[in-house]
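Inside the fold
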Amino acid sequence: MYRDGLKKKFMIMTVAVVTVTLILFSTAAAFLAYLLNSSRDYERKQMQLETAEYRDRILNQVDTTMQILTTLAKAYEVSDIASSNEKLVEIMSSTNQANDFISMLYIRSDGTGIINAPDYGTIDDITYSDCHPEAVNAMREAFTGKNTISGMFTSLIYNEKVFVYSVPVYKNGEIIGVLSAADNIDFFTEMANENTVLSGSGYIHLIDSSGKFLVRSENTIVDERLDSIFDGHYLSEQTKRDTQIALNQGESIFGEFSSGRHNYIFYVDSLGINDWNLFCANTYMGSSALGETFIGVVVALLFFVISIAVFMLFFGYRIYKIKSNELLHVAYFDALTGADNTFKFDEDFQYAIKETSEYSVAALNIHNFKGINDLFGRERGDKVLSFVKSVIEDNLKEGEFFCRDAGDLFYIFLKDTDEEVLRRRMGEIVSYIRNTSLSYGEYSYDIGFYCGIAVRKDKEHALIALQSIRTVQHEYIAFYNKELHDEIRHKNRIESYMNIGLENREFKLFLQPEFDLSTNELVRAEALVRWQKPDGTFRYPNEFIPLFESNGFCIKLDMYMVERACEQIRKWMDAGIKPIPISVNQSRLLLSNLNYPKDLENLTKKYGVPPSLITVEILEGTQTDDIMLLRKQIDSLRSRGFRVSMDDFGSGYSSLNMLGMLRIDELKLDRGFLNKFTGDEAKRQKIILRQILAAAKDLGITTVAEGIETVENMEMMKSLYCDQGQGYFYEKPMDSEKFSEKYMK
Ligand code: C2E
Ligand code: MG
Ligand code: MG
């Protein structure tokens with residue numbers, strides 16, 4: 001159903017909006033993650049590159065120093081410098097000055113040696129015990145033939161951090177001593193303090209394999225004085241463990257640590273000298289080309305765009321929802337009264353009848369609502385409708401509902417089935433509205449109602465019950481029943497087919513002869529319509545003429561029949577046969593049209609038929625007819641040469657008075673007169689009939705007796721001086737061809 005359809009659409013819409021929002025956010029998140037990731041990768045690569053660069057610089061420096069020392073050692077060997085203390089002192093102090101070593105030392109294989117420090121001069125009788133153990137270790141190592149570098153230690157002489165390079169000195173292929181040079185760590189410190197590490201946003205330290213700082217840059221992130229990178233709570237336990245493992249194995253590793261509210265990354269790489277490592281640290285994205293600000297701007301921009309998109313999405317969704325609700329309102333409610341409309345009623349009805357089988361539907365219609373509109377104006381009419389709506393609303397029980405159909409028609413779903421109860425309930429509604437409207441002041445108006453009720457049936461059945469009321473006098477409530485429905489269905493069927501029937505010439509001209517009672521001569525024929533269905537069967541006038549009278553179709557049909565009569569007369573004339581006049585039955589509806597006499601004349605002209613050959617039979621009509629108009633029309637017809645007959649005289653409101661007022665040519669006595677010539681009434685009827693016939697004669701009006709069925713009928717009418725007769729005694733109506741064959745030769 002529509003409501004369910006809309007709900008479903010809402011659901012789809014909601015899911016779509018949420019999905020799109022989620023997709024937008026997850027895309028943004030993924031993009032951000034990608035951005036961060038690639039930025040971090042870039043960052044790491046950068047760190048690796050720079051660390052490698054620093055390592056190269058250190059190794060170059062160390063290599064150069066080692067080269068100098070090796071060259072000196074070679075010179076010692078070649079020149080046998082080592083054999084003389086004086087030579088050693090001399091050469092050492094000059095090379096020391098040239099190379100900026102803080103001291104130089106030569107130690108012999110017997111453990112004695114000589115040391116020269118530029119600021120302190122030369123001591124020529126030192127032993128291992130005068131040296132720092134780190135230096136001793138390096139020297140001992142050099143005695144095994146390796147160029148070595150000692151660990152860092154604080155020089156007792158200079159009170160600063162130093163380390164020692166040691167190379168072996170050979171003589172005749174044998175190591176006779178070790179030449180050492182002590183150097184301070186200025187080179188490392190300067191390098192660590194350079195402001196160029198990672199574009200200035202990073203720094204570099206030298207640490208040993210236990211994480212202890214050997215050289216700590218001044219540009220630290222962590223202000224605290226720390227001995228080791230593992231001190232404090234900067235590194236997580238896991239990171240500490242991983243880093244220690246990497247340090248032990250001389251491998252490089254990336255890690256993270258935090259200080260304050262910031263995160264940093266670090267990179268540890270082995271230097272390849274002793275257990276020395278470079279420790280490079282940097283803030284996230286610190287040196288990346290994108291930069292922190294750039295990322296920030298991108299993130300802000302991204303979220304701004306997404307927020308706008310999401311806002312617009314939700315805004316659109318809201319508008320859609322509002323519009324849908326409006327649509328729902330338009331689709332379900334009557335704009336004028338605010339009541340439900342039939343669409344909603346039908347849906348509710350479908351739901352309701354699943355719940356209960358004890359229900360009825362009432363169709364309530366205001367009698368002559370058009371009149372209210374005409375009298376008091378549309379606005380007032382609208383107010384009446386709104387009032388009716390509110391009264392119905394106030395009289396509903398739980399689970400009952402109603403709607404306004406087009407105009408002044410309301411349908412009500414009631415949870416009652418008892419006819420008396422329904423009658424009472426509808427009566428209450430109707431009388432409340434009527435009483436209120438009557439006491440409404442200057443515009444008091446008696447609102448009448450029709451009400452059709454269908455028990456356990458839908459609103460279409462209630463409407464059928466309602467339609468049936470129009471024929472029921474003094475009753476405003478009708479209940480649906482099958483017979484009524486069949487009748488209406490029959491009517492509808494006829495109505496839906498009548499125009500086609502006319503176009504297909506299914507309406508046939510039948511003729512019944514009229515005879516002169518005294519001479520038995522054929523004087524005229526009456527045209528009677530028969531509806532021949534395509535299957536060959538006939539429908540008689542009483543089955544459709546009353547309906548055509550009420551729906552106005554008679555106007556068309558009667559003119560059509562006049563045309564068929566003219567056509568027939570024309571045929572006779574063309575065949576050289578003297579035509580007889582034909583009487584045509586004409587509905588009263590035609591006579592209210594002022595053009596009618598002229599139209600009729602035009603028809604006769606079209607076929608070249610003298611109007612005198614056409615007798616217009618008019619039903620006697622009701623008291624309320626406009627006699628003056630009728631008189632005018634009759635006069636007009638006669639002035640054009642038509643004969644005018646009053647049909648079925650005596651069956652309705654006929655009075656002799658009328659004979660005086662209307663100048664007619666013929667009076668057709670209703671068949672009913674003949675039926676009344678039995679029993680007690682017979683004598684009285686005869687007296688009246690005689691008077692009528694005498695009066696007609698005096699007025700020069702021809703009299704025709706209808707329904708002559710027996711020779712007695714004929715004899716009696718003849719004895720009363722009735723002029724002509726028509727009836728089964730003579731002939732039944734027959735189709736025009738048969739008639740022509742039998743009578744027109
Ligand atoms: P009506 O004009 O009074 O026509 C006479 C009716 O009496 C005809 O019925 C005819 O068949 C019937 N009738 C004739 N002789 C006898 C008889 O001896 N006994 C009996 N019991 N009936 C006899 P029909 O043809 O069924 O027509 C019924 C009525 O329908 C007509 O009554 C007329 O009022 C109307 N009608 C017929 N054709 C037309 C038409 O073309 N236009 C209009 N508006 N009404 C028509
Ligand atoms: Mg007639
Ligand atoms: Mg008649």
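Above: the structure in question.
Bear in mind the structure is a predicted one, so any value in this text is a computation, not a measurement.

What follows concerns helix α5 (residues 237-249). The end-to-end C-alpha distance of α5 is 19 Å, a good match for the 18 Å that 13 residues give at a rise of 1.5 Å each. Of the residues making up α5, those classed as buried are Thr 239, Lys 240, Thr 243, Ala 246 and Leu 247. An end-on view of α5 places all buried positions within 135° of arc, on one side of the element. Of the exposed residues in α5, the ones pointing more than 90 degrees away from its buried face are Glu 237, Asn 248 and Gln 249. Once α5 ends, the next one or two residues include Gly 250, with phi positive near 70°.

Below, the discussion takes up the coordination of the magnesium ion (ligand 2). Ideal donor angles around a metal are set by the shape: a four-donor tetrahedron calls for 109.5 degrees, a six-donor octahedron for 90 or 180 degrees. Around the magnesium ion (ligand 2), the protein contributes the donor atoms Glu 526 (OE), Asn 585 (OD1), Glu 617 (OE) and Asp 647 (OD), at 2.0 to 2.2 Å from the metal centre. On the primary sequence, the residues serving as donors to the magnesium ion (ligand 2) are separated as E-x58-N-x31-E-x29-D.

Moving on: the coordination of the magnesium ion (ligand 3). Listed as protein donors to the magnesium ion (ligand 3) are Asp 647 (OD), Asp 648 (OD), Glu 706 (OE) and Glu 706 (OE); their distances from the metal cover 1.9 to 2.5 Å. In the primary sequence, the donor residues of the magnesium ion (ligand 3) line up as D-D-x57-E. The magnesium ion (ligand 2) is placed at 4.0 Å from the magnesium ion (ligand 3), the two being bridged by Asp 647. Residue Asp 648 is located in strand β23 (residues 643-649), and its partner Glu 706 is located in the loop between β25 (702-705) and α21 (711-719); the two are separated by 58 residues in the primary sequence. Residue Asp 648 shares its accessibility class with Glu 706, and that shared class is buried.

What follows concerns the nonpolar core. In terms of nonpolar packing, the biggest core is built from 72 residues, with Phe 507, Phe 548, Leu 557, Ile 664, Leu 667, Leu 669 and Met 717 touching the most fellow members. Considering each element in turn, this core owes the most residues, ten residues, to helix α14 (residues 554-574). With residues up to four places along the chain from it excluded, the contact list for Leu 557 reads Leu 502, Phe 507, Val 529, Phe 544, Ile 545 and Phe 548. Met 152, Phe 163, Leu 271 and Trp 276 belong to the second largest nonpolar core, which has 42 residues in total.

On to a nonpolar patch on the surface. Taken together, the side chains of Phe 304, Val 305, Ile 308, Phe 311, Met 312, Phe 315 and Ile 319 define a hydrophobic patch exposed on the protein surface, amounting to about 720 Å² of accessible area. When you line up the elements, Phe 311 lands in helix α6 (residues 291-332).

One open sheet accounts for five strands, arranged β14-β15-β13-β16-β17; its pairing is mixed. In this open sheet, the two strands that pair with only one neighbour each are β14 (401-404) and β17 (477-479). Strand after strand, the sheet turns through a mean of 15° between neighbouring axes, direction not considered. Of the pairings in the sheet, the one linking strand β16 (residues 448-455) to β17 comprises three bridges and is parallel in character. Bridge assignment links Ile 453 to a residue of β17, and that residue is Phe 479. Contacts from helix α9 (residues 378-394) reach β13 (360-367), β14, β15 (409-414) and β16, with the element oriented near 5° to β15.

Neighbouring residues of ligand 1: 22 residues in total, closest Asp 558, Asn 585, Asp 647, Glu 709 and Tyr 728. Here an oxygen atom of ligand 1 sits 3.0 Å away from a polar atom, N or O, in the side chain of Arg 530. Residue Asp 648 places a side-chain N or O atom 3.0 Å away from an oxygen atom belonging to ligand 1. Protein contact buries 85% of the 790 Å² of open area that ligand 1 shows by itself. Here ligand 1 is seated within the largest pocket.

For the rest of this paragraph, the subject is the pairing of strand β22 (residues 614-619). Side chains on a regular strand alternate between the two faces of the sheet. Within β22, five of the six residues are buried, which leaves it mostly tucked inside the rest of the structure. Pairing between strand β21 (residues 582-586) and β22: five bridges, direction parallel. Paired with Ser 583 across the strands is Thr 615, a residue of β22. Sheet topology note: the β22/β23 ladder contains five bridges and is parallel. Looking at the pairing, Ile 618 lines up with Met 646 of β23.

By volume, the largest pocket is sized at about 910 Å³. Lining the largest pocket are 32 residues, and of these Glu 526, Leu 528, Pro 541, Asn 585 and Asp 647 sit closest to its centre. In terms of residue count, strand β19 (residues 522-532) provides more of the lining of the largest pocket than any other element does, five residues in total. The class makeup of the residues in the lining of the largest pocket is 13 nonpolar, eight polar and eleven charged. Here the second largest pocket is characterised by a volume of approximately 440 Å³. Where the lining of the second largest pocket is concerned, the elements lending two or more residues are β1 (103-108), β2 (112-117), β3 (121-127), α3 (133-142), β6 (161-171) and β7 (174-184). Taken together, the residues of the lining of the second largest pocket sort by class into 19 nonpolar, five polar and one charged.

Further remarks concern the pairing of β1. Extensive coverage of β1 is indicated by the burial of six of its six residues. Residue alternation in β1 divides its side chains into two sets, Ser 103, Leu 105 and Ile 107 and Met 104, Tyr 106 and Arg 108, and both sets are buried. Bridge analysis of β1 against β7 gives six bridges, and the strand direction is antiparallel. Along β7, the bridge assignment pairs Arg 108 with Gly 177. Pairing analysis gives four bridges linking β1 to β2, with the strands arranged antiparallel. Each bridged residue has a counterpart across the sheet, and for Ile 107 the counterpart in β2 is Gly 113. In textbook terms, the turn of a hairpin is the stretch between consecutive antiparallel strands, and for β1 and β2 this stretch comprises three residues, one of which, Gly 111, has a positive phi near 95°.

Here is what the cut-offs are and how they apply
- Residues numbered from 1 in each chain as written.
- Chains lettered and ligands numbered in written order.
- Predicted model: local features only at pLDDT ≥ 70, side-chain atom pairs only at ≥ 80, totals over all residues.
- Heavy atoms only, no water.
- Helix = DSSP H or I, 4+ residues; strand = E, 2+ residues; numbered from the N terminus.
- Expected span 1.5 Å × (residues − 1).
- Buried < 20%, exposed > 50% of the residue type's maximum accessible area, 1.4 Å probe, protein only.
- Arc of directions from axis to C-beta.
- Donors = N, O, S within 2.8 Å, 3.2 Å for Na, K, Ca; no water.
- Core = buried A, V, L, I, M, F, W, Y, C linked by side-chain atoms within 4.5 Å.
- Contact = heavy atoms within 4.5 Å.
- Patch = residues over 30% accessible without salt bridge, like charges linked within 9 Å, V, L, I, M, F, W, Y side chains within 5 Å.
- Areas by Shrake-Rupley, 256 points an atom, 1.4 Å probe, with all protein chains shown as cover.
- Salt bridge = Lys/Arg side-chain N within 4 Å of Asp/Glu carboxyl O.
- Pairing = 2+ DSSP bridges.
- Axes fitted to C-alpha atoms, helices over the stretch in contact; angles between N-to-C directions.
- Near = heavy atom within 4 Å.
- Polar contact = N/O pair within 3.5 Å; in protein donor to acceptor, adjacent residues only side chain to side chain.
- 1 Å grid on protein atoms, 1.4 Å probe; cavity = no way out; pocket = protein on both sides within 12 Å on 5 of 7 lines; lining within 4 Å.
- Sits in = over half its atoms within 2 Å of the grid points.
- Points joined across faces, edges and corners; volume = space filled by probe spheres on them.
- Nonpolar A, V, L, I, M, F, W, Y, C, P; charged D, E, K, R; others polar.

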